[in-house]
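Per-entry structural report
Chain by chain, the residues run as shown.
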Amino acid sequence: MDAIVRALFIYLFLLLVFRAAGKRQFSELTTFDLVLVLIIAEATQQGLLGQDFSVTYAALVILTLVGADIVFSVFKLRFPAFEKAVDGVPTVLIEEGRVLDHRMRRARVDLDDVMTQARLSHGLERLDQVRYAVLERDGRISIIPR
């Protein structure tokens, strides 16, 4: 029973931490981010297994984590509000060429990020060429040109 409780706690804790980290954190991993993920993985392993390194205990932890993920996916399908809370919603960052500063600050995205994506996806060079820029739920920035 200890394995199930540990696994569920770690699953929920990591879900909250990564949700709080924001969408942009996962769309473009830097070297620093990769190192951080590796350290988190090691710390998570310690927390999940504790002092019991048996195959049975590890299998129980894995089944609990996969089961929790399945339950969350079912909840997200049945309850749209739960999906929004867990995955977030797309955020409009630029509307009709006008920068929405408060949304960009909240999403921790700067204008350089948006313009980089505008150049890469559509070859746009100026802000007035962007009708909409949307930070998607997965962290990518979608550009809709004028």
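Above this note sits the structure.
Residues numbered from 1 in each chain as written. Predicted model: local features only at pLDDT ≥ 70, side-chain atom pairs only at ≥ 80, totals over all residues. Heavy atoms only, no water.

With that out of the way, let us pick up the overall build of the protein chain. Helix and strand content of the protein chain: seven helices and four strands. Written out in order from the N terminus, the α and β elements of the protein chain read α-α-α-α-α-β-β-α-α-β-β. For the protein chain, buried positions account for 27% of its 146 residues. Taking all contacts inside the protein chain whose residues are at least 6 apart in sequence as the whole, residues at least 24 apart take part in 60%. (Helix = DSSP H or I, 4+ residues; strand = E, 2+ residues; numbered from the N terminus. Buried < 20%, exposed > 50% of the residue type's maximum accessible area, 1.4 Å probe, protein only. Contact = heavy atoms within 4.5 Å.)

Next up on the list: the pattern of salt bridges. As enumerated under the stated definition, the model contains five salt bridges in all. In this structure, Glu95 and Arg98 form a salt bridge, with 3.3 Å as the shortest nitrogen-oxygen distance. A relative accessible area of 30% places Glu95 in the partly exposed class. In this structure Arg98 comes out as partly exposed when scored by relative accessible area, which is 49%. With a shortest N-O distance of 3.5 Å, Arg131 and Glu96 are connected by a salt bridge. A residue pair is termed long-range when its members are at least 10 positions apart, and Arg131 in strand β3 (residues 130-135) and Glu96 in the loop between β1 (91-95) and β2 (98-99) qualify at 35 residues. The exposure class of Arg131 is partly exposed, given its relative accessible area of 35%. Members of the salt-bridge network, linked through shared partners, are Glu96, Arg131 and Arg146. (Salt bridge = Lys/Arg side-chain N within 4 Å of Asp/Glu carboxyl O.)

Glancing now at the sheet that holds β1. The strand order across the open sheet built from four strands is β2-β1-β3-β4, with neighbouring strands paired in antiparallel fashion. Both outer strands of the open sheet, β2 and β4 (141-145), are each paired with one neighbouring strand and no more. As paired elements, β3 and β4 share five bridges and run antiparallel to each other. Paired with Val134 across the strands is Ser142, a residue of β4. Set on the sheet, helix α7 (residues 111-122) makes contact with β1, β2, β3 and β4; between it and β4 the angle comes to about 65 degrees. (Pairing = 2+ DSSP bridges. Axes fitted to C-alpha atoms, helices over the stretch in contact; angles between N-to-C directions.)

Further remarks concern the nonpolar core. Leu93, Val109, Val114, Val130, Ala133, Ile141 and Ile143 are the most contacted members of the largest nonpolar core, which has 14 residues in total. Broken down by secondary-structure element, the contributors of at least two residues to this core are β1, α6 (101-107), α7, β3 and β4. Judged by nonpolar contacts, the second largest core, of eight residues, contains Ala7, Leu48, Leu49 and Tyr57. (Core = buried A, V, L, I, M, F, W, Y, C linked by side-chain atoms within 4.5 Å.)

Right, let's get into the pairing of β1. Two elements, β1 and β3, share four bridges in a ladder whose sense is antiparallel. By the bridge assignment, Thr91 is partnered in β3 with Leu135. Sheet topology note: the β1/β2 ladder contains two bridges and is antiparallel. Along β2, the bridge assignment pairs Ile94 with Val99. Hairpin geometry of β1 and β2 is characterised by an intervening segment of two residues between the two adjacent antiparallel strands and by a positive phi of about 55 degrees at Glu96.

Where helix α4 (residues 55-78) contacts helix α5 (residues 80-87), the axes come no closer than 5 Å and their chain directions differ by 125 degrees. When the axes of α4 and α5 are compared, the pair comes out oblique. Along this stretch, α4 crosses α5, giving a crossing that reads as left-handed. On the side of α4, the interface is formed by Phe72, Phe75, Lys76 and Arg78, while α5 contributes Pro80, Phe82, Glu83, Val86 and Asp87. (Parallel < 35°, antiparallel > 145°, perpendicular 65-115°, else oblique. Left-handed = near helix turned anticlockwise from the far one by under 90°.)

Function-wise, these values are silent; they only describe arrangement.
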